[in-house]
Amino acid sequence: MRMDILDVSPELAARWLTHNTGNRPLSKGTVQQLAAQIQRGEWQLTHQGIAFDEDDVLIDGQHRLAAIVKAGIAVPLTVTRGVPRTAFTVMDTGRKRTGRDTLALVGEANATHLAAALRGLHLYLHVPNSAWSGGSSVTSNDQLLAMLGEHPGVRDALQHGIALNRACRITVTAATIGWYVTAGTRPDIDQTSWREGLVTGALLEAGDPRLTLRNTMLSLATGKTHRRRDDSREHLLYYLKSWNAWVEGRSMKLLRRSPNETMPKISNHAAAPLSAGV
């Protein structure tokens, strides 16, 4: 085998793709993700590149080449030639490094929850009203690290998110994002009684937004409704609707969303939040 490092242009990538005769079907979502990384300048040279067998047939790297074509930008690639055809069966069988892996490697605690919260925050800030699933919702590891650099307060918000999840089963992701964005947008609001009300539910009267949110989340968690129980986007929508009502001192006896309802904006009304137990 021979290995070289080459700057692969879109034109060269397109020509090499004509040698792609025996690979698995091309995933458009994967190509889009890789192309977006290239366009954002996140591409890095690694040992993973493309490979041709003894007959110059492309046996690895079709998605990388297709992404270069789609991005229209040349990037460096490791190019291996003369790979035995028998090696094809063991290629790409390793586990891809996840966001959790990346955050754990840089020493972050609660890496699994932190990765999910950062991904959710990225979606909330950029596509709050789109589905938070599927190929279009994928967030790269570089994006997660960039989000953490821009929003270091998510680490502290995560502790509140974990506590609220344990208390009323709202997803950690939704509770973390909800706490982070409301605290950041309305630093004038003391959220102590908001948290205490959700955690304990003690002495809250019917119509208190905290009690309504708490009961709704527990109902979803126990399967008393037919809606998805772990949809962080839906949970966040409920969180923000309830928080807005709490800040404005409004009663809210029922919490639901319409099919086309958009993510609520954080209330800028003068603070009149209900106190704990009131």
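See the structure above.
What you see as residue numbers is a count from 1 along each chain, following the sequence as written. Local features are withheld for residues below a pLDDT of 70 in this predicted model, meaning they are given only at 70 or higher, and side-chain atom pairs are given and counted only at 80 or more; totals for whole chains, interfaces and linings count all residues. Side-chain measures were taken over the full set of non-hydrogen atoms in the model, leaving aside hydrogen atoms and water.

J.: Let's hear about the overall build of the protein chain: which residues, and what values?
T.: Each helix and strand in the protein chain was counted, giving eleven helices and four strands. Exposure is judged per residue with a 1.4 Å probe applied to protein chains only, and the accessible area is read against the type maximum: over 50% gives exposed, under 20% gives buried, and values in between give partly exposed. The buried share of the protein chain, reckoned over its 278 residues, is 45%. By the convention used here, residues are in contact when the closest approach between their heavy atoms is within 4.5 Å. The contacts of the protein chain with a sequence gap of at least 6 include a subset with a gap of at least 24, amounting to 71%. Surface accessibility follows the Shrake-Rupley procedure with a 1.4 Å probe radius. Residue values consider only the protein chains on display as shielding. Element-wise, carbon and sulfur atoms account for 51% of the exposed surface of the protein chain, whose accessible area totals about 14,500 Å². Under the DSSP-based scheme used, a helix requires at least four consecutive residues in state H or I and a strand at least two consecutive residues in state E, with every element numbered from the N terminus.

J.: Outline unusual backbone geometry, listing residues and values.
T.: Phi is positive for Asp56, which is not a glycine, with a value near 65°. We classify Asp56 as partly exposed; its relative accessible area is 29%.

J.: Provide a residue-level description of the pattern of salt bridges, including the pertinent values.
T.: The salt bridge criterion pairs a side-chain nitrogen of Lys or Arg with a carboxyl oxygen of Asp or Glu, the two atoms within 4 Å. All told, the structure shown has ten salt bridges when counted by the stated rule. Glu234 is the salt-bridge partner of Arg257, the closest N and O atoms lying 3.7 Å from each other. On the criterion of sequence distance, the pair formed by Arg257 in the segment after helix 11 (232-248) and Glu234 in helix 11 is long-range, its members being 23 residues apart. According to the relative accessible area criterion, Glu234 is buried, its value standing at 3%. For Arg250, the salt bridge goes to Glu248, with nearest N and O atoms at 2.6 Å.

J.: Outline the sheet that holds strand 2 (residues 50-53), listing residues and values.
T.: By definition, two strands form a pair when at least two bridges between them are found by DSSP. One open sheet accounts for four strands, arranged 1-4-2-3; its pairing is mixed. Two strands close off the open sheet at either side, each with one partner strand: strand 1 (2-8) and strand 3 (58-60). Averaged over all pairs of adjacent strands, the angle between their axes in this sheet comes to 35°, without regard to strand direction. The pairing of strand 1 with strand 4 (residues 75-83) spans seven bridges and is antiparallel. Its bridge partner being in strand 4, Ile5 is matched across the sheet by Thr78. Between N-to-C directions, angles cover 0 to 180 degrees, with each direction set by a line fitted to C-alpha atoms, over the stretch in contact for helices.

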